[in-house]
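Below, each chain spelled out in residue letters.
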Amino acid sequence: MSGKEMKTASLILDRDFAIAPVDERLYSSFIEQLGRAVYGGIYDPGNSNSDENGYRLDVLEKIRALKVPVIRYPGGNFVSGFRWEDAIGPRAQRPRRLDLAWATTETNEFGLHEFCDWSTKAGSQVMYAVNLGTRGLDAARNVVEYANHPGGTYWSDLRRRNGAEAPFGIKLWCLGNEMDGPWQIGQKTAYEYGRAANEAAKVMKWVDPSIELVACGSSAYDMPTFGAWELEMLDLCYENVDYVSLHRYYTNPTHDLKNFLAKSLDMDAFIKTVVALIDAVGGKKHSHKKLNLSFDEWNVWYHSNEQDKQIQAENHWGQSLPLLEDVYNFEDALLVGGMLITLLHNADRVKIACLAQLVNVIAPIMTSERGCWAQTTYWPFLYTSLYGRGTSLRPILKSPQYSSAEFDAVPFVDAAAVEGEDGSLTIFALNRSSDSDFQLSCDLRAFAGLRFDTHIVLHHEDIAATNTEAAPNTVAPVTRHECAQLDGRFTPVLPALSWNVIRFMKG
Ligand code: AHR
């Protein structure tokens, strides 16, 4: 071990203490028509790594490994000024438009058909956002008809003429994006949005009753509109929507590590508050319908802010600019791992969560013309997606605590556990302490017949360490395989500042 002081935390798990089955859509992600996410990211015609469609095969391979069930598209802020019809049909006839959200030029070379086709190759379903900023229910119902109606109508036949005989079958739709934000094209009051969302939802479901709809929650927990927004807009659209969205990005501008690593507690409070707000509206309405949460943007985002100001100042209306290209360090990976633990703790109400975003733009995967590499944050997302499927168990965890600038009673050790359908058990554990290794004394009496299989540790001595094209494996997990029978207790060591995956298998 590290030679640091050793402390102890304890964890009791029992398959009878279940939170909920984990909806695999918890491991979803997001690609916006922004920066180099699409152009130069997933789509790069002429690049030697691309196929005949222009899809980057090296990037597809990294995405497939993540097993991302759903990818949200095409925005984000972008969608609030987007005409979806601009990005269908013959490429040569597609209009070039100013994208006011990011002050860039959108060529529309890549659109709905390309994204649906590409998503199939990535092994993912599409979550499509409609524009409720500059547009409304008519454009919304038309795009549902275009995408999902089999044929014999204007929009569905246009899709077929454009090369897609079979419907795309998009099941998940977002009713706009961050509509209470002043940065949004067509910002709305809660009343304006609630009415617009309700009418759009109604007609979209009339076109295809099998779809599910996400209403925009307030764009952030700390927005002045938060809370009142949820209550008022849901009062207007509750019965016609299925999920409420949450968005949250964390920063560490003052390099306060203890406080930064505690930010997953804020995420937990945010989730619980939105659940309370939703259920208050449902209760007031005497509704039998229960709405769940779509945490469809979450991540760390701040490293690129200053750089972006300069890029935009120098390249007004540029194309495929390297915007929002945060280079993530080791401490970001620890927080992302902590946020995934929080999502698992709330698996009873959070049914969809999108790591924002997937390629180049605040992303776990970066590209250059030569190749692609995994940022530090790729690793916790990968392992939670791979092994965090099954039933989320309620961890009975005892850990020493600390206080930070914004948080009281922060446990040094945080953990979540998932029982897989194959009978496996996986513990995800974060050690937030920079001074102490922790022995995690796990009481696993309820899991007779399991054997310890693997301990994956993500750790680096330097919290500022990053992965780059030149040094892509600077921060990478280390895996220890071992086959040891359990006698009801297992005590792995969690190194100071580490994110861990501990797997137990049958037999
Ligand atoms: O993901 C980047 C941006 O963050 C999205 O476009 C917007 O929805 C949010 O503010």
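Residues numbered from 1 in each chain as written. Predicted model: local features only at pLDDT ≥ 70, side-chain atom pairs only at ≥ 80, totals over all residues. Heavy atoms only, no water.

### As for the site of the ligand
Working step 1: Surrounding the ligand, one finds 13 residues, the nearest of these being E32, N77, E178, Y249 and E297.
Working step 2: Taking Y249, its side chain carries an N or O atom lying 2.8 Å from an oxygen atom of the ligand.
Working step 3: Between the ligand and Q357 there is a distance of 3.0 Å, counted from an oxygen atom to a side-chain nitrogen or oxygen.
Working step 4: Considered on its own, the ligand offers 280 Å² of accessible surface; in the complex 95% of this is hidden by protein.
Working step 5: Taking a 2 Å distance to the grid points as the criterion, the majority of the atoms of the ligand fall inside the largest pocket.
Working step 6: Of the residues that constitute the shell around the ligand, the class distribution is six nonpolar, four polar and three charged. (Near = heavy atom within 4 Å. Polar contact = N/O pair within 3.5 Å; in protein donor to acceptor, adjacent residues only side chain to side chain. Areas by Shrake-Rupley, 256 points an atom, 1.4 Å probe, with all protein chains shown as cover. 1 Å grid on protein atoms, 1.4 Å probe; cavity = no way out; pocket = protein on both sides within 12 Å on 5 of 7 lines; lining within 4 Å. Sits in = over half its atoms within 2 Å of the grid points. Nonpolar A, V, L, I, M, F, W, Y, C, P; charged D, E, K, R; others polar.)

### Structural notes on the domain arrangement of the protein
Working step 1: Under the domain assignment used here, the protein contains domain 1 (5-15 + 393-506) and domain 2 (23-387).
Working step 2: Between the C-alpha centres of domain 1 and domain 2 there is a distance of 30 Å.
Working step 3: The partner domain 2 presents 34 residues to the 40 residues of domain 1 that form the contact.
Working step 4: Summed over both sides, the interface of domain 1 with domain 2 buries roughly 3100 Å², with 69% coming from carbon and sulfur. (Domains from an automatic or database assignment. Contact = heavy atoms within 4.5 Å. Buried area = accessible area lost by both parts, 1.4 Å probe.)

### A few points about the layout of surface pockets
Working step 1: By volume, the largest pocket is sized at about 550 Å³.
Working step 2: Together, 28 residues line the largest pocket, and E178, W183, A220, Y249 and W301 are the ones closest to its centre.
Working step 3: Elements supplying a minimum of two residues to the lining of the largest pocket: β10 (243-250) and α8 (263-284).
Working step 4: When residues of the lining of the largest pocket are assigned to their parent elements, the largest contribution, four residues, is made by β10. (Points joined across faces, edges and corners; volume = space filled by probe spheres on them. Helix = DSSP H or I, 4+ residues; strand = E, 2+ residues; numbered from the N terminus.)

### As for the nonpolar core
Working step 1: Counting residues in each nonpolar core, the largest one holds 165 residues, and the members touching the most others are I42, W118, W173, L175 and W298.
Working step 2: Per-element accounting of this core gives the leading share, 10 residues, to helix α10 (residues 330-345).
Working step 3: The residues that make up this core include at least three from each of domain 1 (5-15 + 393-506) and domain 2 (23-387).
Working step 4: When residues no more than four places from it in sequence are discounted, the contact partners of W173 are Y128, V130, V143, V144, A147, N148, M204, I211, E212, L213 and V214. (Core = buried A, V, L, I, M, F, W, Y, C linked by side-chain atoms within 4.5 Å. Buried < 20%, exposed > 50% of the residue type's maximum accessible area, 1.4 Å probe, protein only.)

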